[in-house]
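Spelled out from the first residue to the last, the chains are:
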Amino acid sequence: MKKILYYILLILLILFIILIYSRFIGTIGLKTNEIPITTINIPESFSGLKIVHFADIHYKKIITEDRIKELVSEINKLKPDIVLFTGDLLDNDYNLTNSDINFLIEELSKIESTYGNYSIIGDNDYNKIDTIKNIYIQSNFILLDNNYTIITNQYNDKIFIGGLSTYTYNNANINEVMEYFNDNENINYKIIMIHEPDYIDTIINNYSNINLILSSHSLNGSINIPIIKQLLLPAGATKYYKPYYKINNTDIYISSGIGVNNINFRLFNPPSINFYRIRKSS
């Protein structure tokens, strides 16, 4: 009987340690995932393009001002050409004060890139859309809400970047994003940003010539343990949630994010940003 009790207490102690670790240790720090991409589609003059992709801050849930400053500093160290944010700057559980808003504007406006910083709406941002738009406008982020931008360099070569609204509220519309190609020439390299990755099938089924899709929302599974990970995935990220997929000729990367979503825990899944170097293959 004493031996059984000993094992029960040991198991409870291990579970307690894992719980404490995943709440207070697993949620801190910032990892940079360096990801090389080679493709024949990118123009030669854009070969070596550096893109930073980050997502899912959920500010104030566990992300503090110091964590935001750390994020901004890390992005600028990478000297990106383009910065892409795939949604959920804010969190449904928290209302920002004017001081919070001013802080985010001040810090996000420090992010530097050659061709600009671009963002989309996440499901947690949707109910605070006016606040989000205000933050992005004043911090020099261009919000692509079912819209697109064309990056043009000194050689007049172009890259297409499209951004979709949140799929959770049925606002994502890939046809609106791709309207550019109804009346304009094709652009060889196309990037699409979408917050919830389960919309990816709709994108690819309608437009097979997308080169790169960047998404988030899943955190790649907050608790990175088989079965448990799947049980905790948020709606909109139950089919596609892993860091990388390849469908036909489309590369798909899903960010593990900075903060937390459904639960305030991360285990074997550190907060991270993705740093892509896109080179032209021969």
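Each chain has its residues counted from 1, following the order in which its sequence is written. The model is predicted, so local features are restricted to residues of pLDDT at least 70 and side-chain atom pairs to those at 80 or more, both for listing and for counting; the totals for chains, interfaces and linings are taken over all residues. Think of the side-chain values as coming from all heavy atoms in the structure, minus any hydrogens and water.

**Let's talk about the overall build of the protein chain**
Filter applied, for reference: Every helix listed is a DSSP run of H or I at least four residues long, and every strand listed is a run of E at least two residues long, numbered separately from the N terminus. We compute the radius of gyration over the C-alpha atoms and compare it with the globule rule, which gives 2.2 Å times the number of residues raised to the power 0.38. Whether two residues touch is decided by their heavy atoms; if any such pair falls within 4.5 Å, the residues are in contact. Each accessible area is a Shrake-Rupley estimate made with a 1.4 Å probe; only the visible protein chains count as cover when residues are assessed. The charged-residue count follows a simple rule in which Lys and Arg add positive charge and Asp and Glu add negative charge, with His and chain termini not counted at all. The atoms used to mark charge sites are NZ of Lys, CZ of Arg, CG of Asp and CD of Glu.
Helix and strand content of the protein chain: 8 helices and 12 strands. At 20 Å, the protein chain has a C-alpha radius of gyration in line with the 19 Å of a compact globule built from 282 residues. The C-alpha extent of the protein chain, read off along each of the three principal axes, is 75 × 45 × 35 Å. Contacts in the protein chain between residues at least 24 apart in sequence constitute 74% of all its contacts with a sequence separation of at least 6. In the structure as shown, the protein chain presents an accessible area of about 13,300 Å², 51% of it carried by carbon and sulfur atoms. With 24 positive and 28 negative side-chain charges, the protein chain shows a spacing of 10 Å between the two charge centroids.

**Section: the sheet that holds strand β12 (residues 272-280)**
Where we set the bar: A strand pair is defined by DSSP finding two or more bridges across the two strands. Only the stretch in contact is used when fitting a helix axis, every axis being a line fitted to C-alpha atoms; angles between N-to-C directions are given from 0 to 180 degrees.
In space, the 6 strands of this open sheet follow the order β1-β12-β2-β3-β4-β5, with mixed pairing throughout. On the outer flanks of this sheet lie β1 (31-39) and β5 (141-143), each paired with one strand and no other. Neighbour-to-neighbour, the strand axes of this sheet turn through a mean angle of 25°, independent of strand direction. Relative to strand β3 (residues 82-85), strand β2 (residues 49-54) is paired through 4 bridges, and the arrangement is parallel.

**Observations concerning the environment of Pro234**
Within the fold, Pro234 resides in the loop between α8 (228-231) and β10 (244-247). Once the C-alpha coordinates of Pro234 and Asp88 are considered, the two residues, 146 residues apart in sequence, prove to be 13 Å apart. If near-sequence neighbours (up to four positions away) are discounted, Pro234 is found in contact with His217, Ser218, Asn261 and Asn262.

**A closer look at unusual backbone geometry**
To keep things clear, this is the line we draw: Throughout, exposure labels follow a simple rule: accessible area from a 1.4 Å probe, protein chains only, divided by the maximum for the residue type, with under 20% read as buried, over 50% as exposed, and the rest as partly exposed.
Here Asp88, not a glycine, exhibits a phi torsion of approximately 65°, which is positive. Residue position: Asp88 is located in the loop between β3 and α3 (98-108). Since its relative accessible area comes to 1%, Asp88 is described here as buried. Positive phi is not limited to glycine here, since Ile227 has a value of about 75°. With a relative accessible area of 63%, Ile227 lands in the exposed category.

**Focus: the pattern of salt bridges**
Quick reminder of the rule: Just to be clear on terms, a salt bridge is a Lys or Arg side-chain nitrogen sitting within 4 Å of an Asp or Glu carboxyl oxygen.
Per the stated rule, a full pass over the model turns up 8 salt bridges. Among the salt bridges present, the one from Lys60 reaches Asp100, with a minimum N-O distance of 3.4 Å. You can see Lys60 sitting in the loop between β2 and α2 (65-77) and its partner Asp100 sitting in helix α3, a full 40 residues away along the chain.

**Side note on the pairing of strand β11 (residues 250-254)**
In terms of burial, β11 is a largely internal element, 5 of the 5 residues being buried. In terms of strand pairing, strand β9 (residues 212-215) meets β11 through 4 bridges, oriented parallel. Residue pairing for β11: Ile213 is matched across the bridge by Ile252. As judged from the 4 bridges shared by β10 and β11, these two strands associate in the antiparallel manner. By the bridge assignment for β11, Tyr244 is matched with Tyr253. The turn linking β10 back onto β11 is made up of 2 residues, and Asn248 within it adopts a positive phi angle of 55°.

Scope: geometric values only; no functional claims are made or implied.
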